[in-house]
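Chain and residue survey
What follows is each chain in one-letter form.
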Amino acid sequence: MRHAALAVLLVFSAVTAAHAADPSPLTPADIRYLKTLGQSQAELVNMQPTAEMLDKLHQLINDPLTAQKPKARSDAVFRELDHISARSLWCADHPADKDCDGFKPVSTR
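Cut-offs applied
- Residues numbered from 1 in each chain as written.
- Predicted model: local features only at pLDDT ≥ 70, side-chain atom pairs only at ≥ 80, totals over all residues.
- Heavy atoms only, no water.
- Disulfide = S-S within 2.5 Å.
- Buried < 20%, exposed > 50% of the residue type's maximum accessible area, 1.4 Å probe, protein only.
- pLDDT = per-residue confidence, 0-100.
- Contact = heavy atoms within 4.5 Å.
- 1 Å grid on protein atoms, 1.4 Å probe; cavity = no way out; pocket = protein on both sides within 12 Å on 5 of 7 lines; lining within 4 Å.
- Points joined across faces, edges and corners; volume = space filled by probe spheres on them.
- Helix = DSSP H or I, 4+ residues; strand = E, 2+ residues; numbered from the N terminus.

So, the state of the cysteines
Tallying each qualifying case throughout the model produces one disulfide. A sulfur-sulfur separation of 2.0 Å characterises the disulfide bridge that pairs C91 with C100. On the S-S bond that ties C91 to C100, the torsion sits near -80°, and the link is left-handed. Take C91 and C100: they sit in the same class, and that class is buried.

Structural notes on the confidence of the model for the chain
Averaged over the chain, the pLDDT score is 80; the fraction of residues at 70 or greater is 73%. Across residues 3-22, where pLDDT falls below 50, the model places 29 contacts with residues more than four positions away in sequence or in other chains.

A word on empty space enclosed by the protein
Applying the stated criterion across every chain, the model contains one cavity of 30 Å³ or more. Here the largest cavity is characterised by a volume of approximately 40 Å³. As for the largest cavity, its lining consists of I31, L34, K35, Q39, S40, Q41 and L44. Counting residues per element, the ones that place at least two in the lining of the largest cavity are α2 (28-36) and α3 (41-46). Broken down by element, the residue count for the lining of the largest cavity peaks at three residues, all from α2.

Encoded structure:
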C-alpha cells in the first residue's frame, strides 16, 4: 500500500512540476475520496490540472465546513473537477492561450 501511495504522489508531482516546484497538494486520502466519486487517477492526470487547481481540490475535499455535509462536499468537488475538465478541453483546442501555459495535449490512440 505504501508503494501505491508513493506512486500516486509521484504521478501528481510530475503533472504539477511544470507549474510549481512544490509536490502535489493531493494526499492519499484525497485520492481515495476522489475514487469514491468515480474520478480515476489516470483521468485526472490526463486533464493536467494546475498546482492551484489541485490545491483548491485538496481544500474542498478537506473543508471542515462540509465535514458533516457529504452532498455539499461532493457537489463542490464535482464543480472543481468540471472546471479542471473544461480547462483541459479548452487548452486542447487552444494550446497558445495564455491560460494554457505548459499544457501538453494528450495524444489519443
